[in-house]
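Results of the structural survey
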Amino acid sequence: MITIIGAGKVGGDAAMFCALRRLDSEILLLDIVEGLPQGEAMDINHMLAEQGIDTEVRGSNDYSDMEGSDIVVVVAGAGRKPGMTRMDLLKINAGIVKGVVEKVKEHAKDSMIIPVTNPLDPITYIAYKTSGFEKNRVFGMGGMLDLSRFRQFIHEATGYSRDSIRALVMGEHGENMLPLPRFSTVSGIPLLSLISAEKAAELVRDTKKVAAKVIELKGATVHAPGNSISAMVESIVRDKKQVIPVSAYLEGEYGHSGVTIGVPAVIGRKGVEKIVELDLDGAEKEAFDKGVASVRDAVSGV
Ligand code: NAI
């Protein structure tokens, strides 16, 4: 069973995408607001009836219903309002996520936890520490979404099909995000041989800023994060071993220990099966290290 805690905009959308991808026969939506997860589940099931998909989505306000879950997505908590950074959410969301993870320990102690609540990297650290689970079983979704945005900008800049674009974004899911043109290709052709360095720098800037733009225009980001969650869950349940940027707990990788931050990792049935270490150049390493410092600073205060 896949459990999604937080049946708001992103949680509801993630349940829908997980069902459409037929990732499990049962998906549970949990929320503290009475009626919300139940209504969301009904709405999705009505859609699935037309699609002819037999996944059952269930809504509940009772944490004990997650008993036996294989994967628990934590997307409970407040989102950014226009003008806020993700870090502005830390105080309110840290307490919510600690409480939720205590419930996961109680009712789904063998599960894998995917934190999504922002600020993603500090929240993943809190979830990991609170859970006491092995590090391969707690990893956050943020980089996968940043990557889908970067791919869209590459698509717009080159005109080539989205499907042919392989790219990478790592580092903090926040102000120090690190889109990597040097590690991006279109059907194997290096991106930097297709566009100028100036254009690539522009795509990097756009990728970092675009979530704030969506929030300014429609109040929240919903479909891209919902889908990214389902893509990560798919790599686990189908044991696809895709290389996906996830917020993972580092123990020496990239020269850091005791911190969670976005790194490319092989995601399969065991969760984070391997962290892939790239040879970052000076500027890339500097941006990555800035992200690490920002996450360390944030978690030191909670
Ligand atoms: P939302 O406000 O629509 O939904 C949040 C839900 O969490 C609400 O329904 C609320 O009742 C529920 N909730 C609060 N405390 C809870 C608890 N203790 N147990 C169960 N449910 C609880 O917010 P939205 O837009 O769905 O965003 C949720 C979070 O995801 C935010 O922190 C947002 O910043 C983050 N986010 C992260 C992304 C990422 O890439 N990592 C992308 C988009 C959003």
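Residues numbered from 1 in each chain as written. Predicted model: local features only at pLDDT ≥ 70, side-chain atom pairs only at ≥ 80, totals over all residues. Heavy atoms only, no water.

With respect to the overall build of the protein chain
Our working definition: For helices the rule is a DSSP run of H or I covering at least 4 residues; for strands it is a run of E covering at least 2, with both sets numbered from the N terminus onward. Here the radius of gyration uses the C-alpha set of atoms, whereas the globule reference equals 2.2 Å times the residue count to the power 0.38. The cut-offs for exposure are 20% and 50% of the maximum accessible area for each residue type, with area from a 1.4 Å probe on protein chains only; residues under the lower value are buried, those over the upper are exposed, and the others partly exposed. Contacts are assigned to residue pairs with any non-hydrogen atoms lying within 4.5 Å of each other. For accessible areas, the Shrake-Rupley method is used with a probe of radius 1.4 Å. Any residue's cover is judged against the shown protein chains and nothing else. In summary, the charge assignment counts Lys and Arg as positive and Asp and Glu as negative, without counting His or the chain termini. In this description, the location of a charge corresponds to atom NZ of lysine, CZ of arginine, CG of aspartate or CD of glutamate.
Helices and strands together make up the secondary structure of the protein chain, namely 8 helices and 13 strands. Its C-alpha atoms give the protein chain a radius of gyration of 18 Å, near enough to 19 Å, the size a compact globule of 302 residues would have. With respect to the principal axes defined by its C-alpha atoms, the protein chain has extents near 50 × 45 × 40 Å. Residue burial in the protein chain is summarised as follows: out of 302 residues, 53% are buried. Nonlocal contacts in the protein chain, meaning residues at least 24 apart in sequence, comprise 69% of its contacts between residues at least 6 apart. As displayed, the protein chain has an accessible area near 13000 Å², and 51% of this comes from carbon and sulfur atoms. Across the protein chain, the centroid of the 35 positively charged side chains sits 3 Å from that of the 41 negatively charged ones.

As for the site of the ligand
This is how the line gets drawn: The cutoff for a nearby residue is simple: one of its non-hydrogen atoms must lie within 4 Å of the molecule or strand. Two N or O atoms form a polar contact when they lie within 3.5 Å of each other; inside protein one atom must be a possible hydrogen donor and the other a possible acceptor, and for residues adjacent in sequence the pair counts only when both atoms belong to side chains.
For the ligand, the set of nearby residues contains 29 residues, the closest of which are V10, D31, Y63, A78 and M141. Separating an oxygen atom of the ligand from a side-chain N or O atom of K9 is a distance of 2.8 Å. Between the ligand and N118 there is a distance of 3.0 Å, counted from an oxygen atom to a side-chain nitrogen or oxygen. Here the ligand, which alone exposes 860 Å², has 86% of that area covered by the protein.

Some points on the pairing of strand β4 (residues 71-74)
Looking down a regular strand, the side chains alternate between one sheet face and the other. We count it as follows: By definition, two strands form a pair when at least two bridges between them are found by DSSP. Note on handedness: a crossover is taken as right-handed if, strands pointing away from the viewer, the path from the first strand over the helix to the second is clockwise.
Along β4, one buried face is formed by I71 and V73 and the opposite face, lined by V72 and V74, is buried too. As paired elements, strand β1 (residues 2-5) and β4 share 4 bridges and run parallel to each other. What sits directly across from I4, in β4, is V73. The sheet contact formed by β4 and strand β5 (residues 112-115) spans 4 bridges and is parallel. Its bridge partner lying in β5, I71 is registered against M112. Between the parallel elements β4 and β5, the chain passes through helix α3 (residues 90-107) in a crossover that is right-handed.

Comments concerning the UniProt feature "domain: Lactate/malate dehydrogenase C-terminal" (unreviewed entry) in the protein chain
What counts here: UniProt positions are given in the numbering used here, feature names are shortened, and annotations may be inferred rather than shown by experiment.
UniProt tags residues 145-296 as "domain: Lactate/malate dehydrogenase C-terminal" (unreviewed entry). Between the end C-alpha atoms of residues 145-296 there is a gap of 22 Å, over a span that is 43% helix and 26% strand.

Things to note about the UniProt feature "domain: Lactate/malate dehydrogenase N-terminal" (unreviewed entry) in the protein chain
Per the UniProt record, "domain: Lactate/malate dehydrogenase N-terminal" (unreviewed entry) is found at residues 2-140. Within residues 2-140, the helical portion is 42% and the strand portion 16%, while the C-alpha atoms at the span's ends are 16 Å from each other.

Considerations on the pattern of salt bridges
What counts is decided by this rule: Take a side-chain nitrogen of Lys or Arg and a carboxyl oxygen of Asp or Glu: if they are within 4 Å of each other, that pair is a salt bridge.
Counting across every chain of the model gives 16 salt bridges. Between R182 and E284 there is a salt bridge; the shortest N-O distance is 2.7 Å. Of this pair, R182 sits in the loop between β8 (177-179) and β9 (185-186) while E284 sits in helix α8 (residues 282-300), and the two are 102 residues apart along the sequence. For E284, a relative accessible area of 8% translates into the label buried. Notably, a salt bridge pairs K241 with D239, separated by 3.0 Å at the nearest N-O pair.

Some thoughts on the domain arrangement of the protein chain
Note the threshold: Domain extents, as shown, originate in an automatic or database domain assignment. Two parts placed together each lose some accessible area; with a 1.4 Å probe, that loss summed over both constitutes the buried area.
Here the protein chain is partitioned into domain 1 (2-141) and domain 2 (143-300). One C-alpha centre belongs to domain 1, the other to domain 2; they are set 21 Å apart. Across the domain 1/domain 2 interface, buried area totals approximately 3600 Å², and carbon plus sulfur atoms make up 67% of it. In this structure, the connection of domain 1 to domain 2 is made through 2 salt bridges. For the pair domain 1 and domain 2, the number of links is 16 residue pairs in polar contact (both at pLDDT 80 or more). Contributions of two or more residues to the side of domain 1 that touches domain 2 are made by α1 (9-20), β4, β5 and α4 (120-131). In terms of residue count, the dominant contributor to the side of domain 1 that touches domain 2 is α4 (7 residues).

Some words on a nonpolar patch on the surface
Short version of the rule: In this analysis, a patch consists of residues with relative accessible area above 30% that form no salt bridge, clustered at 9 Å for like charges and at 5 Å for the nonpolar side chains Val, Leu, Ile, Met, Phe, Trp and Tyr.
A cluster of nonpolar residues, I32, V33 and L36, forms a patch on the protein surface that exposes about 280 Å² of accessible area. Its place among the elements puts I32 in the loop between β2 (26-30) and α2 (36-51). The class of I32 is exposed, set by a relative accessible area of 69%.

A short note on the packing of aromatic side chains
Heads up, the rule is: Only centres within 6.5 Å qualify two rings of Phe, Tyr or Trp (six-membered ring in Trp) as a pair; their planes then separate them into stacked at under 30 degrees, edge-to-face at over 60, and tilted for everything else. Counted as over-ring charges are cases with an Arg CZ or a Lys NZ within 6 Å of the ring centre that also lie within 35 degrees of the ring normal.
Evaluated as defined, the whole model comprises 2 aromatic pairs. Aromatic pair Y254 and F288: ring centres 5.2 Å apart, planes at 45°, arrangement tilted. Residue Y254 is found in the loop between β11 (242-251) and β12 (257-268), and its partner F288 is found in helix α8; the two are separated by 34 residues along the sequence. Each of the two residues, Y254 as well as F288, counts as buried. If you follow R137 out to its NZ or CZ, it ends over the ring of F133, 4.1 Å from the centre.

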